[in-house]
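Residue-level listing of the chains:
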There are 2 protein chains.
Amino acid sequence: MRRLSHYLRALEGFDRNGGGTVSSEELASKGHTTAAQVRKDLSHFGSFGKRGLGYGVSELVDRLRAILGVDRAWRVVLVGAGRIGSALFEYPDFKARGYDCVAVLDSDPHKIGAKWGNTTIRDTAELEAVVVREQIDLVVLAVPAVAAQEVTDRAVRAGIKGILNFAPVRLKVPAQVPVEDVNLVMELEALSFRITRGGASE
Amino acid sequence: MRRLSHYLRALEGFDRNGGGTVSSEELASKGHTTAAQVRKDLSHFGSFGKRGLGYGVSELVDRLRAILGVDRAWRVVLVGAGRIGSALFEYPDFKARGYDCVAVLDSDPHKIGAKWGNTTIRDTAELEAVVVREQIDLVVLAVPAVAAQEVTDRAVRAGIKGILNFAPVRLKVPAQVPVEDVNLVMELEALSFRITRGGASE
DNA sequence: CTACATTTGTGAAGAATTTCACAAGCAGCC
DNA sequence: GGCTGCTTGTGAAATTCTTCACAAATGTAG
Ligand SMILES: NC(=O)c1ccc[n+]([C@@H]2O[C@H](COP(=O)([O-])OP(=O)(O)OC[C@H]3O[C@@H](n4cnc5c(N)ncnc54)[C@H](O)[C@@H]3O)[C@@H](O)[C@H]2O)c1
Ligand SMILES: NC(=O)c1ccc[n+]([C@@H]2O[C@H](COP(=O)([O-])OP(=O)(O)OC[C@H]3O[C@@H](n4cnc5c(N)ncnc54)[C@H](O)[C@@H]3O)[C@@H](O)[C@H]2O)c1
């Protein structure tokens, strides 16, 4: 469920404002759903929250973190030190959420050996070794489309647990390895689709 | 429907390989759905495709382009010439799809006046003027979260038609203005969610 | 022209998701 | 303790999305 992430985001806003509890109504108003939806979603994972009061903010944050798996550190390798790769590498929110970019790989001899902060860009040839030695959980794939499948296959064989893919191709992976695709062109197409047909309907 | 974009992507692969027609079966195998789904989706917009044969590739491409609104050029302004902004600006697939980044704005005096290719970074203060004068359709928002709502409000007032938002906030907009959010942290959370619960289930 | 092999378009069945509605639980107050 | 005012948790209804199944169309081959 994608909405759980939204709830977590919204809750963190409340947390800072000292509030002790939130009602499903309040949670729904952020994160654009209904109160009933919020309750259904949460009840699906257990029943926290006190009747008559609402949900304890910090308790619910902890629960959601556990459900989403953000209550631990994830070790990430970035493959492809290009434009998108560098933007992602420096994005502070990843680290803040426990996604630790412990290695950066590229195949371009001009880039290998360069330093980004304290991190040295290494050769993609080391992928398998890095995954195993550094106990990598996730790959962020920011290589050109033609290279994406090959890198994927090698990462999967090395025992990676999941892939965030920016290349506009559908990766073939075994069913146990989840892939999330980010395709910016598709987002723009969704926009123009919604504009050309009148319906807004977020 | 997000799947239409996938169909278009898949079709373009076929197009180059000279093929005259595709069956719903073939389209389904790429883009991970079923043949029935493909037919339902397409029939919802009219009935092209010949029984016994399949869909004419180039005709279907044209139809999908029209449905998605990619059969025209979209004029885009990029607001926020930071790390993500620069990656997006240079991303060739946007232009290839008809999304033309005709202006780049930023509020940082050190960046204003710099050139990216032939494009000069201008002051965000000019936003309204640019939207009107350059007939901008879409805003790509790549500014820090705190600035996002303000830029949005101004763009909306200036008559923007849609927003692609990279800032991790839920923008308040009138119902006629569609917003697509890109939130990379949420993608990673979706990954770790799927990993921690066993289910792959793309 | 007729039989045949395909593949679409679509109503109907089935599944999944969302909304409704309300009993049950909790805190505060008298 | 016994009301009162809220808010959760959750079956049941409603809605939306997906799959099934098959008649209707189209090209081909004999
Ligand atoms: N730039 C964007 O805004 C953007 C947006 C969405 C998606 N993407 C996608 O992200 C990918 C990268 O885009 P980019 O703009 O950063 O491109 P880029 O050319 O700037 O960077 C690609 C990097 O990958 C490296 N590389 C190539 N083959 C490799 C391999 N086999 N192993 C390791 N590294 C390899 C290259 O040396 C280069 O450094 C592309 O698939 C692109 O379609 C980019
Ligand atoms: N870097 C990433 O990989 C990444 C990924 C996802 C989302 N984001 C989001 O994208 C946004 C930008 O991230 P970034 O990493 O590019 O940050 P950045 O700091 O590199 O760039 C932000 C740019 O916006 C400019 N800016 C600030 N206020 C402005 C205003 N009012 N008008 C116009 N320009 C203004 C700044 O001068 C700067 O150039 C943030 O909201 C961030 O959360 C970034």
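Everything numeric here is computed off the predicted structure, so don't read it as measured data. (Residues numbered from 1 in each chain as written. Chains lettered and ligands numbered in written order. Predicted model: local features only at pLDDT ≥ 70, side-chain atom pairs only at ≥ 80, totals over all residues. Heavy atoms only, no water.)

Participant: Can you walk me through the relation of the copies chain B and chain A in this structure?
Facilitator: One copy of the chain maps onto the second through a rotation about an axis and a displacement along it. The two copies are related by a screw operation: chain B maps onto chain A through 180° of rotation and 0.0 Å of translation along the axis, at an RMSD of 0.1 Å. Put plainly, the chains are arranged around a two-fold axis. Take the interface residues of chain B: 100% of them recur as interface residues in chain A, which is what a same-surface contact looks like. (Least-squares fit on C-alpha atoms with pLDDT ≥ 70 in both. Contact = heavy atoms within 4.5 Å.)

Participant: Where do I start with the protein's contact with DNA strand D in this structure?
Facilitator: Around DNA strand D sit 21 residues in total, of which S24, R39, F48, R51 and Y55 of chain A are the nearest. Sugar and phosphate atoms form 60% of the subset of DNA strand D atoms that lie within 4 Å of the protein. Between DNA strand D and the protein, one listed contact pairs a phosphate oxygen with a backbone N or O atom of S24 of chain A at 2.6 Å. Within the side chain of K40 of chain A, a nitrogen or oxygen atom sits 3.2 Å from a base oxygen of DNA strand D. Secondary-structure elements contributing two or more residues to the surface near DNA strand D are helix 3 (35-43) of chain A together with helix 3 (35-43) of chain B. (Near = heavy atom within 4 Å. Polar contact = N/O pair within 3.5 Å; in protein donor to acceptor, adjacent residues only side chain to side chain. Helix = DSSP H or I, 4+ residues; strand = E, 2+ residues; numbered from the N terminus.)

Participant: Honestly, the site of ligand 2 in this entry has me stumped. Any pointers?
Facilitator: Close contacts around ligand 2 come from 23 residues, with Y91 of chain A together with D106, K111, T124 and V143 of chain B the closest. Each of chains A and B places residues near ligand 2. Side-chain polar atom of R83 of chain B to an oxygen atom of ligand 2: 3.0 Å apart, as the coordinates give it. Within the backbone of S107 of chain B, a nitrogen or oxygen atom sits 3.3 Å from a nitrogen atom of ligand 2. Across the complex, the protein chains shield 86% of the 810 Å² of accessible surface that ligand 2 would expose by itself. Elements that contribute at least two residues to the shell around ligand 2 include exactly helix 5 (83-89) of chain A together with helix 5 (83-89) and helix 8 (145-157) of chain B. When the residues that make up the shell around ligand 2 are grouped by side-chain class, the tally is 15 nonpolar, four polar and four charged. (Areas by Shrake-Rupley, 256 points an atom, 1.4 Å probe, with all protein chains shown as cover. Nonpolar A, V, L, I, M, F, W, Y, C, P; charged D, E, K, R; others polar.)

Participant: Explain helix 9 (residues 184-196) of chain A to me, please; I cannot follow it from the model alone.
Facilitator: Residues separated by three or four positions in an α-helix point in the same direction, a consequence of the helix having 3.6 residues per turn. In this model, helix 9 of chain A (13 residues) spans 19 Å end to end at C-alpha, consistent with the 18 Å of a helix rising 1.5 Å per residue. Near the N-terminus of helix 9 of chain A, the side chain that reaches the backbone nitrogen of V185 of chain A, with its oxygen 3.2 Å away, is that of N183 of chain A. (Expected span 1.5 Å × (residues − 1).)

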